[in-house]
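So you can see what is in the structure, the chains are spelled out below.
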Amino acid sequence: MSPHSGSPPTLLPMTRQVSLLDLTGIYILAVAFPIFDFLSRYDQFFISRQLTPQKLWLIMLAWLLAPMLVYGVLQIIKKINVRLAEVLMQVCMIFLMALLMLMLLKSLLVFLPGLLIVLLSLFLGAVLAVSSSRFSSFKGFLNVFALLSCAYLAFLVLAGPLAPLFFSGPPETPLTPVRIGKPAPVIMLVFDELPISQLMNEAGKIDAINFPHFAMLSRSSTWYQHTLTTADATMLAVPSIISGLLPSPNRLPNAKSHPHSLFTLLGANYKVYAIESRTDICPSLLCQKKQSFEQLFGTLSGTVQDMGYVYLHLLLPTDLKEGLPDITHDWVNFGENTKAPMEVEEKETLAKQARLNALREKGVVNNDRDALFDEFLTNIGHHTQKEKSPPLHFLHIVLPHSPYNYLPSGKYYSRERGLAGMRPKTHVWEDPRGMIQTYQRYRLQVRYADTLLGRLLDRLKSAGLYNKALIVVVADHGVSFRMGEDFRLVDRGKQNYREIMYVPLFIKEPFQRKERVETQTAQIVDVLPTIADILKMDMPWKTDGHSLLAPHNDMLHGQHPICNQQWECISFPFDPQDIRQAVQDRVALFGSTQDPLNIFRVGPNRTLFGTRLHDYGVKPIPTEFRYKLDHPERFQNVSLKSDFIPALVEGKLSSPEGSRAPVPTELVLSINDVIWGIQPYTQSKQSKNSRSVVFSFFVPEVAYSAGDNKIRLFALQRNAGRVSFLEIPRKESKR
């Protein structure tokens, strides 16, 4: 009989007790170290949340306390049931060892299915856990690695890339009043991902049909037609606008790295209302960011949750990441990616003000663009004429930046963030159909940005500020829709810089009433010195820009550097013809800007759009194809007064096993017997049991009637030049 036969049996034959140091060391090696190591290369993750050093230490503490809490709970269980506590401790060690192995194996065994890699990791994790318990030499080997991970984690925070975030700099310098010769209210609105070519028509003017409020602003402001950005990323370009400085790898997008900015220039003389969506440049003495306990908890828990999503992306094999939120298109609130669009009845009960209040309580207000803009307008209304200091109202809004959720009216149709048409794990356009639909959605969101601008102009006029205010409307950088090229990242040998480089800049001086178009070359770093010049202020520090009111060398051609997210500053040739060419390319795709509905007319059969079915022959399709709608309930009981409109109509077309019927190459969608969608070509997927085609149509608001709406799908057929439709039966959802 074994000498240990009287002791309680355990899950695996381990001989040594697991200590708190053992558990914590392996946890840091398997979990905490990978997360903080990865995020140390992306300080924007923390800055975009406007996290103070105190909050960052709390977040670090939350991650490091996890193994201690687990160990403490197991010690309590041990007092009640020793056997159960030992089994649970063994399970924890196996789990952590399995995470460690999964992180390693998913990169080495990319040819294996993800589930098999997970099972193999669990097996090896159990082997490692047993080995570390039975063999002191192996345990010592693991402890060395754990100790090195702890040391490197400490380095990241104390002296490495994260140190500037975890430690406060010197005390903020008191503001020094600067003499202002002509004080005036200052309003600055910074859009995100908006090239100037998107606002222009074929004649080279601001498109007053699709963007009436940009056109309205241009009629009483100066439009700097050839304005160049400094970077292809928000975290680099927005600081250039606010500070007048070119991007530098030594400067973070926060107040500590930008002690001189628009806010500190005017702060001693102005009442500052600043809303920064992704930067944190306004100093705390001007923009005190007080939070209630609920808001603090929401901010910290939201950050920890997003770090958890980052970890899952680092941990899981590619084929097991489906369903994880996308973390590549924004810096905050990744969990929103996983939420399906709210249904109509839910949205009806949620007024905008209620949503704003709820977001404030959660501490995530900076990720709801509607709420941010409402707060911006509210601030303008709150500043009264009785206050001695003029106001500075600043808003950087993440629009028309993705996710593309909004129609021009402000109604939404989706909560998803992904961009269709891109090569996996990149922002490179690969699928023409997906790219075109994403481009449609982007264009409509640009029109929504115009709607918001109209609300701002109305608020300024109703508050009596429009005429006497200095108004600046600008964007940080553009985006590009070129097949085979990156959506936003500029690089050598690529042509996407032609759209990314040129941004809108409108400056309305106080009491300016006439339109002026300046063709001189401007840069976004010129915005701050131009504001100072208009207000008759002497800049108390040096900037990389210059006042656009001052005479300077007017270059229409030359080389201009753009810094990308890898901190490469690449010089590109600039030529105003690039803007005109971008407009022509867009018109070739979507048609004339004279009809706003042209954005929905895509492909060679665009003339069918908006016509009625009874004008054509309709026959049943002579095959066994059936289609199934995603979320068919959205098309029933539609409320035109709701904030939600099902503008995306998606589903799958499939045929049964053994069918040899040809897959339709062109699909047509009708809503209430009017053609509102034409898909020029389809992508067929062959499986063991069936063939399927995924379809996706983007339709205008006017396609829907109040109440139930009839959705029908057809294959397009041409015979001797005549068009007819073969109706595809709908496959009813199983209940």
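Relevant structure appears above.
In this text the structure is predicted, and so the values were computed from the model without any measurement. (Residues numbered from 1 in each chain as written. Predicted model: local features only at pLDDT ≥ 70, side-chain atom pairs only at ≥ 80, totals over all residues. Heavy atoms only, no water.)

*Asks:* I'm lost on the state of the cysteines in this one. Help?
*Replies:* As used in these notes, a disulfide is a covalent bond between sulfur atoms, one from each of two cysteines. Counted by the stated rule, this structure contains two disulfides. Paired through a disulfide, Cys-282 and Cys-287 show a sulfur-sulfur distance of 1.9 Å. Looking down the S-S bond of the Cys-282 and Cys-287 bridge, the torsion is 70°, so its handedness is right-handed. Accessibility classification places Cys-282 together with Cys-287 in one group, the buried group. Paired by a disulfide, Cys-563 and Cys-569 hold their sulfur atoms 1.9 Å apart. One quick way to see it: the torsion about the S-S bond of Cys-563 and Cys-569 is about 95°, and its sign makes the bridge right-handed. (Disulfide = S-S within 2.5 Å. Buried < 20%, exposed > 50% of the residue type's maximum accessible area, 1.4 Å probe, protein only.)

*Asks:* So what exactly am I meant to see when it comes to the nonpolar core here?
*Replies:* Note that soluble globular proteins tend to have their nonpolar side chains buried in a common cluster. Judged by nonpolar contacts, the single largest core of 154 residues is most densely connected at Phe-191, Phe-214, Leu-456 and Leu-535. The leading source of residues in this core is helix H15 (residues 432–462), at 13 residues. Phe-45, Leu-156, Tyr-309 and Leu-316 belong to the second-largest nonpolar core, a separate cluster that totals 56 residues. (Core = buried A, V, L, I, M, F, W, Y, C linked by side-chain atoms within 4.5 Å. Helix = DSSP H or I, 4+ residues; strand = E, 2+ residues; numbered from the N terminus.)

*Asks:* How should I be thinking about the pattern of salt bridges in this particular structure?
*Replies:* Oppositely charged side chains may form a pair once their charged atoms are brought near each other. Under the counting rule described, the total for this entry stands at 15 salt bridges. A salt bridge links Arg-488 to Glu-193; the nearest nitrogen and oxygen atoms lie 2.7 Å apart. Taken together, the residues Arg-488 in the loop between strand S5 (470–475) and helix H16 (497–500) and Glu-193 in the loop between strand S1 (186–192) and helix H8 (212–218) connect sequence positions 295 residues apart. We note that Arg-488, like Glu-193, is buried. Its salt-bridge partner being Glu-701, residue Lys-411 comes within 3.6 Å of it at the nearest N-O pair. Taken together, the residues span a long stretch of sequence, with Lys-411 in the loop between strand S4 (391–400) and H15 and Glu-701 in the loop between strand S17 (691–698) and strand S18 (711–719) at a distance of 290 residues. (Salt bridge = Lys/Arg side-chain N within 4 Å of Asp/Glu carboxyl O.)

*Asks:* Please explain a nonpolar patch on the surface as it appears in this structure.
*Replies:* Taken together, Leu-20, Leu-58, Leu-61, Leu-65, Met-68 and Leu-69 make up a surface patch of nonpolar side chains, about 500 Å² in accessible area. Here the element with the most residues in the nonpolar patch is helix H3 (residues 53–80); it accounts for five residues. Secondary-structure assignment places Leu-58 in helix H3. (Patch = residues over 30% accessible without salt bridge, like charges linked within 9 Å, V, L, I, M, F, W, Y side chains within 5 Å. Areas by Shrake-Rupley, 256 points an atom, 1.4 Å probe, with all protein chains shown as cover.)

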